[in-house]
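In case you want the letters, here they are:
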Amino acid sequence: MKIIIVDDEAQIRRWFEILVQKTGLPVDLIASCSNGRDALEICRTEEVDIVITDIKMPVMDGISFIRQLKEERPSIKCLILSSYSEFHYATEAIKAGASDYMLKAEITVEGITNALKKAELEIERELTRDREVYNLKNTIHVNQYALRSFYFGELLRGKSTSTQDFEEKMVTLRIPLHSKHLMVMAIRSDEQAIAKEQAKIRDPDLLDSAVINIIDETLLNEANSGCCFVFEKDYYVAIFNCGQRGEKSLREITLQYAHRIASYLQDHLHLSVSIGISLPSLEVASLGQQLEEASGVLNHKRFYGRKSISWYSDESNANEIGVHARRQNYLEMLSLQLDRNQFDSYLHLLGQVLEEVGIQMLWSEKEVRAFGMEAGFLLQRTLRRLKTSVGAVNYSWEAETPHIEIADLPTFEHVKQWLLSRASNDLEAAESLLHPYSETIRKVCEYVRTHYAEGVSLQQAADYVHLNRNYLSELFKKETGKSYNDYLTVVRINKVKELILEGETQIGLLSETVGYPDGSYLSKVFKKVTGMTPLEFKRKKM
């Protein structure tokens with residue numbers, strides 16, 4: 001307990017200090033003052049539990065001191081020192097907020113011990129009560145959020161409700177929202193794993209509460225209505241009333257709301273988010289459709305790796321016109337080049353198509369994945385055709401399932417790199433079927449692909465196939481069109497690209513993984529082959 005003694009007589013103060021110390025209680029006497037004003041200043045700046053004060057003092061008497069103290073620091077307990085002649089002042093002090101009084105003439109160690117214990121017990125009771133009130137409020141708060149999420153979640157998933165029921169539920173949940181002129185925002189954090197690491201609040205439940213509070217407050221200040229809730233993990237939905245406005249005005253003001261929400265979340269929580277905004281609706285029954293609009297525009301740009309705040313009408317409907325026909329046209333052109341064994345032209349066209357789609361965000365996520373799967377099956381068909389024509393043995397690619405692989409790729413860039421890498425590998429195999437290497441060179445290539453990380457030299461490869469080193473070098477160049485060392489470099493660099501895209505190996509460990517002496521040498525070779533360093537490649541592709 002932290003105590004202050006207030007009395008205008010130094011002897012009385014010293015006497016009380018001695019008595020307090022003799023109680024044996026865990027007491028910290030932090031100050032001894034001669035008047036109420038000095039004691040009040042200390043109470044304003046220090047942590048104080050109990051004040052023992054006289055009544056009659058110069059500058060500021062005990063009663064005035066207690067009244068002021070109770071206004072500013074009501075949790076501090078006040079004990080009054082009084083004499084028989086001042087007893088009527090003591091009753092006035094009790095009315096002013098004092099907890100108890102003690103007669104100076106009757107004070108003993110036992111008496112002051114009992115008084116301090118009584119005050120300590122009151123403090124503990126108040127702390128317990130405050131904690132219970134806080135926990136109760138917090139429980140109500142959390143339950144309100146849970147009820148809010150449950151109710152709106154059902155509406156967004158198609159449960160019907162009447163306008164009257166909706167209005168009544170808003171009153172029950174204490175949400176400032178009406179059934180007319182509703183709009184929906186879909187809100188997701190950008191790069192979720194990174195966002196969670198950078199956010200000020202790491203606990204998921206506390207972070208959700210903080211996000212909801214900020215969005216609620218922003219909507220209330222900006223739109224005078226609305227609420228936010230957790231729709232799914234890492235996925236928030238906000239609903240608010242937009243009023244009767246023209247489309248242009250409505251677009252501008254709702255984008256303003258969204259930008260402020262994003263700004264506040266970044267400033268206060270270090271959380272970067274993207275937001276999709278629906279069109280307005282006049283009825284509650286349209287909430288599900290509005291969520292599809294908001295999440296559709298949000299997910300479209302997120303798939304292409306664009307952080308954004310987007311209004312539904314800003315997405316060009318022209319992109320939807322002829323999308324299927326355009327995709328089929330590209331696939332027919334690619335198929336024709338494969339049928340003609342024009343593999344370089346195929347790779348060039350495939351790269352152009354993917355570049356154009358990525359820049360203009362031409363296709364939906366579903367269309368991109370469909371294109372990738374069909375292009376993958378075209379490559380399989382080509383390999384089967386060539387294998388049959390040369391009577392080759394079975395290849396492992398026949399067991400591959402591009403539709404399963406592509407379903408796990410999170411963004412357009414991942415789909416693009418997967419498809420280009422697959423096309424490059426499959427067409428290399430196709431080229432070998434058209435212009436098959438000798439068995440010796442095939443063994444060398446397989447040996448390199450298996451042992452590239454061990455620093456396999458030309459001499460080791462020659463020993464493996466029992467040939468002279470110089471003879472193998474000439475034979476390898478003649479059949480493959482590249483030197484042995486160039487082929488080894490290509491295998492290693494392709495593996496580095498694969499590891500970077502998988503994202504499970506640190507940049508600093510890549511050199512050791514693929515057999516280079518250090519990161520500096522790897523970076524030099526990688527830049528010579530690709531035109532960029534491994535780190536630049538990662539930033540561009542991830």
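Conventions adopted
- Every chain is numbered on its own, with residues counted from 1 as its sequence reads.
- Per-residue local features of the predicted model are confined to residues with pLDDT of at least 70, and side-chain atom pairs are confined, for both listing and counting, to 80 or more; whole-chain, interface and lining totals are unaffected and use all residues.
- The side-chain values count all of the structure's non-hydrogen atoms but skip hydrogen atoms and water molecules.
- Relative accessibility decides the category of a residue: with a 1.4 Å probe and only protein chains considered, values under 20% of the type maximum give buried, values over 50% give exposed, and everything between is partly exposed.
- We count a stretch as a helix when DSSP gives it H or I for four or more residues in a row; a strand needs E for two or more, and each element gets its number in order from the N terminus.
- We call a crossover right-handed when, viewed with the strands running away from us, the connection from the first strand over the helix to the second turns clockwise.
- Strand pairing follows a simple DSSP-based rule, namely that at least 2 bridges must link the two strands.
- Axis definition: a line fitted to C-alpha atoms, over the contacting stretch in the case of helices. Angles run 0 to 180 degrees between N-to-C directions.
- Contacts are assigned to residue pairs with any non-hydrogen atoms lying within 4.5 Å of each other.
- Relative orientations are named as follows: roughly parallel for angles under 35 degrees, roughly antiparallel for angles over 145 degrees, roughly perpendicular for angles from 65 to 115 degrees, and oblique for any other angle.
- What makes a crossing left-handed is the near helix being turned counterclockwise from the far one by less than a right angle; a clockwise turn instead makes it right-handed.
- Gly falls in the polar group here, along with every residue not listed as nonpolar (Ala, Val, Leu, Ile, Met, Phe, Trp, Tyr, Cys, Pro) or charged (Asp, Glu, Lys, Arg).

Would you mind going over the pairing of strand 3 (residues 50–54) with me for this structure?
Both faces of the sheet carry side chains from a regular strand, because those side chains alternate between them. With 5 of 5 residues buried, strand 3 is to be regarded as a mostly interior element. Alternating residues of strand 3 divide into Ile50, Ile52 and Asp54 and Val51 and Thr53, and every residue in both groups is buried. Of the crossover connections in this fold, the one passing from strand 3 over helix 3 (residues 62–72) to the parallel strand 4 (residues 77–82) is right-handed.

Help me understand the environment of aspartate 267, please; the structure alone is not making it clear to me.
Within the fold, aspartate 267 resides in helix 9 (residues 247–269). Residue aspartate 267 is classed as partly exposed on the basis of its relative accessible area, which comes to 48%. In the structure, aspartate 267 is positioned 228 residues away from alanine 39 in sequence and 41 Å away in space, judged by C-alpha atoms.

Is there a simple way to explain the sheet that holds strand 10 (residues 309–311) in this structure?
Two strands in a sheet stick together by hydrogen bonds in their backbones, pointing the same way (parallel) or opposite ways (antiparallel). A sheet is described by the order of its strands in space; here 5 strands give the open sequence 7-8-6-9-10, paired in mixed fashion. Because the sheet does not close on itself, it has two edges, and the strands there are strand 7 (227–232) and strand 10. Strand-to-strand twist across the sheet, computed as the mean angle between neighbouring axes with direction ignored, equals 20 degrees. Summarising the sheet, strand 7 and strand 8 (residues 235–241) pair through 5 bridges and their orientation is antiparallel. Bridge assignment links glutamate 232 to a residue of strand 8, and that residue is tyrosine 235. Strands in contact with helix 10 (residues 287–303) are strand 6 (182–189), strand 7, strand 8, strand 9 (273–277) and strand 10; relative to strand 6, the strand with the most contacts, it is inclined by about 35 degrees.

Would you explain the pairing of strand 2 (residues 28–33) in this entry?
As defined by bridge partners, strand 1 (residues 2–6) adjoins strand 2 across 5 bridges and the pair is classed as parallel. Bridging across to strand 2, lysine 2 finds its partner in aspartate 28. Read as a crossover between parallel neighbours, the route from strand 1 over helix 1 (residues 10–22) to strand 2 is right-handed.

Looking at this structure, how should I read the packing of helix 11 (residues 323–339) against helix 12 (residues 343–360)?
To describe two helices that pack against each other, one gives the angle between their axes and the distance between the axes. At a closest axis distance of 8 Å, the pairing of helix 11 and helix 12 adopts a crossing angle of 160 degrees. In terms of orientation, helix 11 and helix 12 fall into the roughly antiparallel class. The handedness of the crossing between helix 11 and helix 12 is left-handed. Across the interface between the two elements, Arg326, Tyr330, Met333, Leu334, Gln337 and Leu338 from helix 11 touch Phe343, Ser345, Tyr346, Leu349, Leu350, Val353 and Glu356 from helix 12. In the contact of helix 11 with helix 12, the residues fall into 9 nonpolar, 2 polar and 2 charged.

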